[in-house]
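A closer look at the structure
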Number of protein chains: 8
Amino acid sequence: MMKSYEDHGFFKLDTHREKRQGFPEIIYGEGKTSEQIIEIVRVMIEKNQRTLVTRVSEEKGKVIKEALPETSYNEIARTICWLNPNEERFLYNGYTNVVSAGTSDLPIAMEAATTLEVMGCRVELITDVGVAGIHRLFDKLPKIRSGLVTVVVAGMEGALPSVIGGLVSHPIIAVPTSVGYGTNFNGLAALLSMLNACSSGISVVNIDNGFGAGYNAALIHKLAQGEKVKLLS
Amino acid sequence: MMKSYEDHGFFKLDTHREKRQGFPEIIYGEGKTSEQIIEIVRVMIEKNQRTLVTRVSEEKGKVIKEALPETSYNEIARTICWLNPNEERFLYNGYTNVVSAGTSDLPIAMEAATTLEVMGCRVELITDVGVAGIHRLFDKLPKIRSGLVTVVVAGMEGALPSVIGGLVSHPIIAVPTSVGYGTNFNGLAALLSMLNACSSGISVVNIDNGFGAGYNAALIHKLAQGEKVKLLS
Amino acid sequence: MMKSYEDHGFFKLDTHREKRQGFPEIIYGEGKTSEQIIEIVRVMIEKNQRTLVTRVSEEKGKVIKEALPETSYNEIARTICWLNPNEERFLYNGYTNVVSAGTSDLPIAMEAATTLEVMGCRVELITDVGVAGIHRLFDKLPKIRSGLVTVVVAGMEGALPSVIGGLVSHPIIAVPTSVGYGTNFNGLAALLSMLNACSSGISVVNIDNGFGAGYNAALIHKLAQGEKVKLLS
Amino acid sequence: MMKSYEDHGFFKLDTHREKRQGFPEIIYGEGKTSEQIIEIVRVMIEKNQRTLVTRVSEEKGKVIKEALPETSYNEIARTICWLNPNEERFLYNGYTNVVSAGTSDLPIAMEAATTLEVMGCRVELITDVGVAGIHRLFDKLPKIRSGLVTVVVAGMEGALPSVIGGLVSHPIIAVPTSVGYGTNFNGLAALLSMLNACSSGISVVNIDNGFGAGYNAALIHKLAQGEKVKLLS
Amino acid sequence: MMKSYEDHGFFKLDTHREKRQGFPEIIYGEGKTSEQIIEIVRVMIEKNQRTLVTRVSEEKGKVIKEALPETSYNEIARTICWLNPNEERFLYNGYTNVVSAGTSDLPIAMEAATTLEVMGCRVELITDVGVAGIHRLFDKLPKIRSGLVTVVVAGMEGALPSVIGGLVSHPIIAVPTSVGYGTNFNGLAALLSMLNACSSGISVVNIDNGFGAGYNAALIHKLAQGEKVKLLS
Amino acid sequence: MMKSYEDHGFFKLDTHREKRQGFPEIIYGEGKTSEQIIEIVRVMIEKNQRTLVTRVSEEKGKVIKEALPETSYNEIARTICWLNPNEERFLYNGYTNVVSAGTSDLPIAMEAATTLEVMGCRVELITDVGVAGIHRLFDKLPKIRSGLVTVVVAGMEGALPSVIGGLVSHPIIAVPTSVGYGTNFNGLAALLSMLNACSSGISVVNIDNGFGAGYNAALIHKLAQGEKVKLLS
Amino acid sequence: MMKSYEDHGFFKLDTHREKRQGFPEIIYGEGKTSEQIIEIVRVMIEKNQRTLVTRVSEEKGKVIKEALPETSYNEIARTICWLNPNEERFLYNGYTNVVSAGTSDLPIAMEAATTLEVMGCRVELITDVGVAGIHRLFDKLPKIRSGLVTVVVAGMEGALPSVIGGLVSHPIIAVPTSVGYGTNFNGLAALLSMLNACSSGISVVNIDNGFGAGYNAALIHKLAQGEKVKLLS
Amino acid sequence: MMKSYEDHGFFKLDTHREKRQGFPEIIYGEGKTSEQIIEIVRVMIEKNQRTLVTRVSEEKGKVIKEALPETSYNEIARTICWLNPNEERFLYNGYTNVVSAGTSDLPIAMEAATTLEVMGCRVELITDVGVAGIHRLFDKLPKIRSGLVTVVVAGMEGALPSVIGGLVSHPIIAVPTSVGYGTNFNGLAALLSMLNACSSGISVVNIDNGFGAGYNAALIHKLAQGEKVKLLS
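Residues numbered from 1 in each chain as written. Chains lettered and ligands numbered in written order. Predicted model: local features only at pLDDT ≥ 70, side-chain atom pairs only at ≥ 80, totals over all residues. Heavy atoms only, no water.

Some words on the overall build of chain A
- Across its full length, chain A holds eight helices and 11 strands.
- Within chain A, the fraction of its 233 residues that count as buried is 64%.
- Of the contacts formed within chain A by residues at least 6 apart in sequence, a portion of 68% connects residues at least 24 apart.
- Looking at chain A as shown, the accessible area adds up to about 8,200 Å², and 50% of this sits on carbon and sulfur atoms. (Helix = DSSP H or I, 4+ residues; strand = E, 2+ residues; numbered from the N terminus. Buried < 20%, exposed > 50% of the residue type's maximum accessible area, 1.4 Å probe, protein only. Contact = heavy atoms within 4.5 Å. Areas by Shrake-Rupley, 256 points an atom, 1.4 Å probe, with all protein chains shown as cover.)

The structure is reproduced here in structure tokens:
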């Protein structure tokens, strides 16, 4: 039996994963040194794999970018990406919406958007449409309704998914953020709101988990575009 | 010095309260027997005081109503009221909105509405306008905007005050209800939403405290209609 | 403008909803009397709408079934359904998996499965494959992998979605149940597990929210089968 | 239709808001750079709008003050304000009380007071009257009773609103602060106290939300002085 | 060595306890059958020991009273007591105050008072002096100040100990009760208030632990009256 | 009427307090600058009042000590004290025990001990007698039993008060500390332990509140030594 | 490949389990009907397997006992057991201690003891040795020290494992019980105590999980008596 | 009687402990200075005792290593060890597994492994086998099954112990780590998962308590290898 992962000393690269799950491993940057990230990314680029590293601080980002100039660092999303320049950037038709409530929610929204793009999905990014100024949201509604899936990112009271959920007919992935203070309890208020949303069609990921929401949305986006389900033979 | 309360055995009637706070004591029915409530209400009627008893179960309500047929029992709000039939029902101009999100929130909304009416304020009751069907809310917006104050009653994710808060220019009293299940935690989800509302002009009362919201709204309603502030001489 | 809902006295039927969201309103049975449910269901049957009422106790179920013998009551899922006998039962190809960990999780799994079926999706129900006997799960893996979406229902420590999430390449909707005792805190342990799942592709709904999970899965199932996104004109 | 907001690149200025809600947008300074704040404030001054920026650190405050010497920075309240020197400072008669329990609660009390003043309301600031030395409070009672509304700011056990609530006949907005340690849980103890206050007429805002309390109080203050309710035509 | 306890089958009577701790064992009635309580009390009466059983339901109380007519059952405090009729009822001079905020707090206050009396201390019971009507408290202040210790019993926001704590110079034992609803969280709000009291000289016992407060107060009362500290030889 | 406090600009000195509560105000140092503390202490020394400032960081302590060399700074307890050198150091007979479980609990134990001493009570400090090595505790038992009151300071699981409570016949004031990690939740584990102690005679103060425990113990110590209760005339 | 479980309609019997884990499946009785339990137990008896059903209410116990008179029902432990009368009752030398703090903890202690016995281990049951009367514990210490493992069952503040942990040199399995009230929070106080125990050698199971503790202890007991580790071939 | 501990000024060395508990005291490094640690370790080396200091920061580690070059510092486990070079390193046959889920859990796994080794037990360290890539775990299963005990270290959702628990027949000590974010709540999610594990044979220690898990495992390892239980004579 072929081995399903390669051992690279401090990390094991799950080479089987793309077969098993349809997408190579995403690297969680927090708690890894720039040197470790550089080494992992180098191996992935050599294998021609679409590469995404999340939670990369600005400081680390600079070091990595310098060592691997072919990668790109997004300082709002705090991600390092690499896409094969000879490959199609977008793999599927249609688009996924990433909608955020306040300006402070932008980093998480960008993390979701970047994840979607690395996974080959077009993204429509719609920001600053929190429920306190609901007319802004209505301006964007036709755009949102034409998307395949919608990621909704909101902190504070996290009411936005409930409102959008009542207005669209496609799945919504809600991301609570830790934006707020006091009884926000670092995103708990928004999380509970989203889990208790009175609209149907909403599911929720962990607080500040922009990557998770983007990944989920990309799986749905692929399904919606006729992607065949790959089985592990 | 005149005594500021009368001792009626098992209860002390705060006769000074109307002077000190502008409204006679409201009776909290939970934990009191029908007999105790009847005795208290009888004393208040004798003194010609507007009377409100909250949290009166249907069973107790019947007993009281039988003993004191001049009172009225509202089985949704679970309140016993008595207003002097020779006195004006409404003491102030304008009206306060009581808006509720779902049908299950109705009892709390009714408790708020009844409280306002006993305190002499007209109420506009608007129900079943939760954010999942936001077009229903928009139908009612002109009505809501013309009110002096708005009490917003919502369970589940409690998003309604945030949305209304962004659309009106008067004070909002938000009441979280314990309607919901699982991570609703008996109203905690709605409470946190309301405390973290991104709209301004919203303040919050305890879970299921329809009476408290109505009382607050009535104080503001009175102020808005030129009520002179009474000082305790 | 045409009115977007009909007022039937104690309830407003959102007639626009199917247009706006692609599926008629689901009725939440808890807190409604049998009489109210019967009246609502009757109106929906008259309009030839696929009908689902959730959280219907056995006692209420009997009364409703007697009044409306054309409906069916599922006593495990605690649902009342009605499908037009002249209409195709299943509207889409493929199937969604509903996987449950323990026997006590079955009611919630059944609620999810019933929701999917009422929405026209085929369901593969796989029960009793908790992680404590992981060989049972592996027996079912080929089946699970060929599905379009997987709903995973688990109480206690809620570990099942993490394990399945590492083995399939399609979206997973995880439902924590309140099955457990002590530090389970009525499903909180399972909920936190699922929100913190180390596998990607998992999103979560409220504790015991089988309906919500089924609804989400059905939206994805439809997308995966080429359902056109309907816009509200 | 006229557009209801102007897009200034990184921020959208809600120009419609004054019409819709009777007061221009307040700027939440946390998470914004001095440069961003300066740019926003400049636009608002150009439009002759009363301007308030909250949660501005001393460091940022200095930079902003230097760039815009016509603004004033309050280092206790941590606010930047600008009022048109050719306009009346106070727009309404009467005054609102801002009462604080301990010296450490002063910053939040000052944030409330500043908000009220920017919104055109006179403020009576009464500090250091916590319930542990209740005679200090009684000295101030006549003053408090003559106000239109009272904002009460308290940390630790948050008992002050309950006591004042039993002594006045006008609305009270209670603000829990995060002052305390141990089981204070960053203001949770005070918040719960205030939500459970046994006196009537008290509503509550988020922990440390001095701005929110001031804003609420100002809305009531305006109503009390005959402010006409503006409708969005 | 003499054995320090007697084995009576299903219970061990700690006969050494009076020597070691100055007072015989108090019986916690919850979870014991009437028969078990009767047997224990009979043994204690035979030994001429002051006897107190707490948390005895009305139903059990009747059965016990019938079997042991020399005991007395207090249906508010839910206690069974027996004092030797040939012994002095009160063993010490002075009195301890037991002060309660609302009528619903009375059972817990009575449990504290009964405990004190069984331990030989005179009690001054002062009820219904919650902070919402603070003038009632001030009427009783001279009485309270002349006591040796004060037990303060309060539910809801639990503010009363803070206020009394600022007005007296002796120790205060605060008892939070589970009286309240919503965010009261079964007494948590009152408990946190009391632990965070801004007045000095307050210590706290478990929610609804009237017995514990009475026991503590009695130990202090005894010390204050020159009780010699007994050492276990 | 004589004024009951002096206004010293940024602070009000409660000159009446000694009369009303038997001991001058203790200064809570956290959140005050060295300059503010120096000014307050200077006033108190001028008035010949026993002076205690708690929660004074080492850095501030040095500055204050330099400005006021007659004061003493205890770097473990983090307190500034001043006692009149011409006055008796100890005002009462007997002693209070301050017992701590682990070495990390020492600062809180020292804060309690210092408070007692400033209030004129002798202290027996017994450290490092946690329940994991219970023989150490038994060595000290005769000493502990001869005290008038015992303050027990413990972090982690906070079991020490329960054990001591079963072995002595005088009142115990338990102080939970925030020493621990993980599920200790900054002292919550110890607090809950102490509130649920199965021994009688234990009351509890806030987490890390060494001062509060010392103050309570001193009040009891005074009572035990025949201190007359002073009434406010 | 041989199938590793048998399908008996509503339950799957894990026949492989004894091979894989060294002990047949234990049946969790809660949520199963008497009929279901009878059917399962009948199959296990036919296979000559040691049988244990936990959480069997008294009512169900009677029905089962009547149907299967060869089983025994323990009404304190609430368990149904069956041991092959032709097989040795005890399979290993030595004994495990099951120690409980209060009389109310007895049911959980008995559940642990019964589990151990069904798994072939001798048990020494030591009850009513809570830390409030620590001399009772010391009487039993030699007995406890000679055991192989100790299960410690305690509610309220859960201090007993810490004390025993400091006195023995073998592993301790601590079981928090839900015995207590108020801040006990249904066993949370005891759980946190045990997780934060300052003694080493203590591990913890879920609240009220007597079975889990017994099972763990039995695994260790077997190891200590030279049980060979069985591998799944 | 011989004294059971030596007093070394700031620390008491429990010399009796090895007799009483079978292993010398482990030093908890957090909150101790390098100098204090050096002094303690020196005494222990002089007494020829196996020495372990946990929670030693890298900075302190260097200072200690320099002062006592015969010790070894493990920078991942953050421990200082000393073993007598003339003594056997391993005292028992067989091995204990230490299994960790993710790379970030390694420090806690290493702390457990180091503790086991200092106590004389061989360790098999198996890392990076989280449930998201369950095939990695199955590769290691034969190794794991042949161990005597297994320590399982996992953060995030903490599902690994449940899965391993269903596959082995020996005791499992589960260690939740604080690895994760958002609703992980610093390890609470993993802790609750482990306490609610549906597999039997799992007990749990405090969050991040690698030492505690190693210590427990070592006690069992010793028992499994025929270690006689030592009684304190």
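On we go.
A look at the pattern of salt bridges
- Tallied over the full model, the rule gives 36 salt bridges over all chains.
- Between Arg50 of chain A and Glu87 of chain A there is a salt bridge; the shortest N-O distance is 2.9 Å. Highlighted residues: Arg50 of chain A in the loop between helix 2 (34-46) and strand 4 (51-54) and Glu87 of chain A in the loop between strand 6 (79-82) and strand 7 (95-100), separated in sequence by 37 residues.
- Since its relative accessible area comes to 9%, Arg50 of chain A is described here as buried.
- Look at Glu87 of chain A and you get partly exposed, because its relative accessible area is 36%.
- Residues Asp128 of chain G and Arg136 of chain G are paired through a salt bridge, measuring 4.0 Å at the closest nitrogen-oxygen approach.
- For Asp128 of chain G, a relative accessible area of 16% puts it in the buried group.
- Here Arg136 of chain G falls in the buried class, since its relative accessible area comes to 8%. (Salt bridge = Lys/Arg side-chain N within 4 Å of Asp/Glu carboxyl O.)

Some remarks on unusual backbone geometry
- Positive phi outside glycine occurs at Arg78 of chain B, with the angle close to 60°.
- Along the chain, Arg78 of chain B falls in the loop between strand 5 (72-74) and strand 6 (79-82).
- Overall, the relative accessible area of 33% leaves Arg78 of chain B in the partly exposed class.
- Positive phi, close to 55°, is recorded for Asn186 of chain E, a residue that is not glycine.

Observations concerning the environment of Asn209 of chain C
- Relative to the helices and strands, Asn209 of chain C is located in the loop between strand 11 (202-204) and helix 8 (210-224).
- Residue classification places Asn209 of chain C among the buried residues on the basis of a relative accessible area of 12%.
- When near neighbours in sequence (up to four residues on either side) are disregarded, Asn209 of chain C contacts Tyr181 of chain B together with Arg55, Glu111 and Val175 of chain C.
- Here the side chain of Asn209 of chain C touches Tyr181 of chain B through a polar contact of 3.2 Å, side chain to side chain.
- In terms of polar contacts, Asn209 of chain C uses its side chain to reach the backbone amide nitrogen of Gly212 of chain C, at 2.8 Å. (Polar contact = N/O pair within 3.5 Å; in protein donor to acceptor, adjacent residues only side chain to side chain.)

Section: the state of the cysteines
Residue and element names in this part refer to chain C.
- Enumeration over the complete set of coordinates arrives at zero disulfides over all chains.
- Looking at the unpaired Cys121, the closest cysteine sulfur is the one in Cys81, lying at 13 Å.
- Overall, Cys121 belongs to the buried group, its relative accessible area being 0%. (Disulfide = S-S within 2.5 Å.)

With respect to the side chain of Asp105 of chain A
Residue and element names in this part refer to chain A.
- Along the chain, Asp105 falls in the loop between strand 7 and helix 4 (106-118).
- Buried within the structure, Asp105 lacks any salt-bridge partner; Arg136 is the closest side chain of opposite charge, at an N-O distance of 11 Å.
- Dropping the residues within four chain positions of it, Asp105 is found in contact with Ser100, Val153, Ala154, Gly155, Thr177 and Val179. (Lys, Arg positive; Asp, Glu negative; His and termini not counted.)

Considerations on the sheet that holds strand 4 (residues 51-54) of chain B
Residue and element names in this part refer to chain B.
- With mixed pairing, four strands are arranged side by side in an open sheet as 3-4-6-5. Across the chains shown, the open sheet's two edge strands, defined by having one partner strand only, are strand 3 (27-28) and strand 5.
- The sheet contact formed by strand 4 and strand 6 spans three bridges and is antiparallel. By the bridge assignment for strand 6, Val53 is matched with Ile80.
- Sheet contacts for helix 4 (residues 106-118): strand 4, strand 5 and strand 6; angle to strand 4, the most-contacted strand, approximately 165°. (Pairing = 2+ DSSP bridges. Axes fitted to C-alpha atoms, helices over the stretch in contact; angles between N-to-C directions.)

Overview of the packing of aromatic side chains
- Applying the stated criterion to the full structure yields 20 aromatic pairs over all chains.
- Above the ring of Tyr181 of chain H, the side-chain terminus of Arg55 of chain A is found at 4.3 Å from the ring centroid. (Phe/Tyr/Trp six-rings, centres within 6.5 Å; stacked < 30°, edge-to-face > 60°. Lys NZ or Arg CZ within 6 Å of the ring centre and 35° of its normal.)

With respect to the sheet that holds strand 6 (residues 79-82) of chain F
Residues and elements named next belong to chain F.
- With mixed pairing, four strands are arranged side by side in an open sheet as 3-4-6-5. What marks the edges here is a single partner per strand, and that holds for strand 3 (27-28) and strand 5 (72-74).
- As paired elements, strand 5 and strand 6 share three bridges and run antiparallel to each other. Bridge pairing in strand 6 links Tyr73 to Ile80.
- Along the sheet face, helix 3 (residues 58-67) touches strand 5 and strand 6 and points at about 170° away from the line of strand 5.

Some remarks on the confidence of the model for chain A
- On average, residues of chain A score 89 in pLDDT, and 87% of them reach the 70 mark or higher.
- Between residues 228-233 of chain A, whose pLDDT stays under 50, and residues either more than four places distant or in other chains, the model counts 12 contacts. (pLDDT = per-residue confidence, 0-100.)

With respect to the domain arrangement of chain A
All names here are of chain A.
- The assigned domain composition of chain A is domain 1 (5-82) and domain 2 (95-224).
- On a C-alpha basis, the centres of domain 1 and domain 2 stand 25 Å from each other.
- Approximately 1,200 Å² of surface area, both sides summed, lies buried where domain 1 meets domain 2, with 64% of it carried by carbon and sulfur atoms.
- Three residues, Phe23, Arg55 and Ile76, lead the burial of domain 1 against domain 2; their summed loss comes to 37% of the area buried on that side.
- Residue Arg55 is joined to Glu111 by a salt bridge in which the shortest nitrogen-to-oxygen separation is 3.7 Å.
- Seen at the junction of domain 1 and domain 2, the total is two residue pairs in polar contact (both at pLDDT 80 or more).
- Those elements that provide at least two residues to the side of domain 1 that touches domain 2 are helix 1 (17-21), strand 4 and strand 6.
- Among the elements that take part in the side of domain 1 that touches domain 2, strand 4 stands out by supplying three residues, more than any other. (Domains from an automatic or database assignment. Buried area = accessible area lost by both parts, 1.4 Å probe.)

Some details on helix 4 (residues 106-118) of chain H
Residues and elements named next belong to chain H.
- Between the first and last C-alpha of helix 4 there are 18 Å, a value that for 13 residues agrees with the 18 Å anticipated at 1.5 Å per step.
- In terms of residue burial, helix 4 counts as a mostly covered element, since 10 of its 13 residues are buried.
- Three or more residues of helix 4 are buried, namely Ile108, Ala109, Met110, Glu111, Ala112, Ala113, Thr114, Thr115, Leu116 and Val118.
- Of the residues trailing helix 4, Gly120 is marked for its positive phi of about 95°. (Expected span 1.5 Å × (residues − 1).)

Brief notes about the packing of helix 4 (residues 106-118) of chain D against helix 8 (residues 210-224) of chain D
All names here are of chain D.
- Packing of helix 4 against helix 8 leaves a shortest axis separation of 7 Å and a crossing angle of 35°. In this structure, the crossing between helix 4 and helix 8 has a hand that is right-handed. The residues of helix 8 that touch helix 4, namely those facing Ile108, Glu111, Ala112, Thr115 and Leu116, are Gly210, Phe211, Gly214, Tyr215, Ala217 and Ala218.
- The residue makeup of the contact of helix 4 with helix 8, split by class, is seven nonpolar, three polar and one charged. (Left-handed = near helix turned anticlockwise from the far one by under 90°. Nonpolar A, V, L, I, M, F, W, Y, C, P; charged D, E, K, R; others polar.)

Quick notes on the pairing of strand 9 (residues 149-154) of chain G
Residue and element names in this part refer to chain G.
- Here strand 9 lies mainly inside the structure; six of its six residues are buried.
- The pairing of strand 7 (residues 95-100) with strand 9 spans five bridges and is parallel. When the sheet's bridge partners are listed, Thr96 is paired in strand 9 with Val149.
- Between the parallel pair strand 9 and strand 10 (residues 172-176), the chain is carried across by helix 6 (residues 160-165), and the sense of this crossover is right-handed. (Right-handed = clockwise from strand over helix to strand, strands pointing away.)

Here's the deal with the environment of Leu106 of chain C
All names here are of chain C.
- By the element assignment, Leu106 lies in helix 4 (residues 106-118).
- Overall, Leu106 belongs to the partly exposed group, its relative accessible area being 24%.
- Remark: the alpha-carbon pair of Leu106 and Thr127, spanning 21 residues in sequence, is separated by 7.3 Å.
- Beyond its immediate stretch of four places on either side in the chain, Leu106 contacts Ile76 and Thr127.

Quick word on the environment of Ile37 of chain G
All names here are of chain G.
- Mapped onto the secondary structure, Ile37 falls in helix 2 (residues 34-46).
- On the accessibility criterion, Ile37 (0% relative accessible area) is buried.
- For Ile37, the residues in contact, after removing those within four places along its chain, are Gly29, Lys32, Val53, Lys60 and Ile64.

Quick look at the pairing of strand 6 (residues 79-82) of chain E
- Burial along strand 6 of chain E is two-sided: Thr79 and Cys81 of chain E and Ile80 and Trp82 of chain E, pointing in opposite directions, are all buried.
- Where strand 5 (residues 72-74) of chain E folds back on strand 6 of chain E, the antiparallel hairpin that results is connected by four residues, among which Arg78 of chain E adopts a positive phi of roughly 60°.

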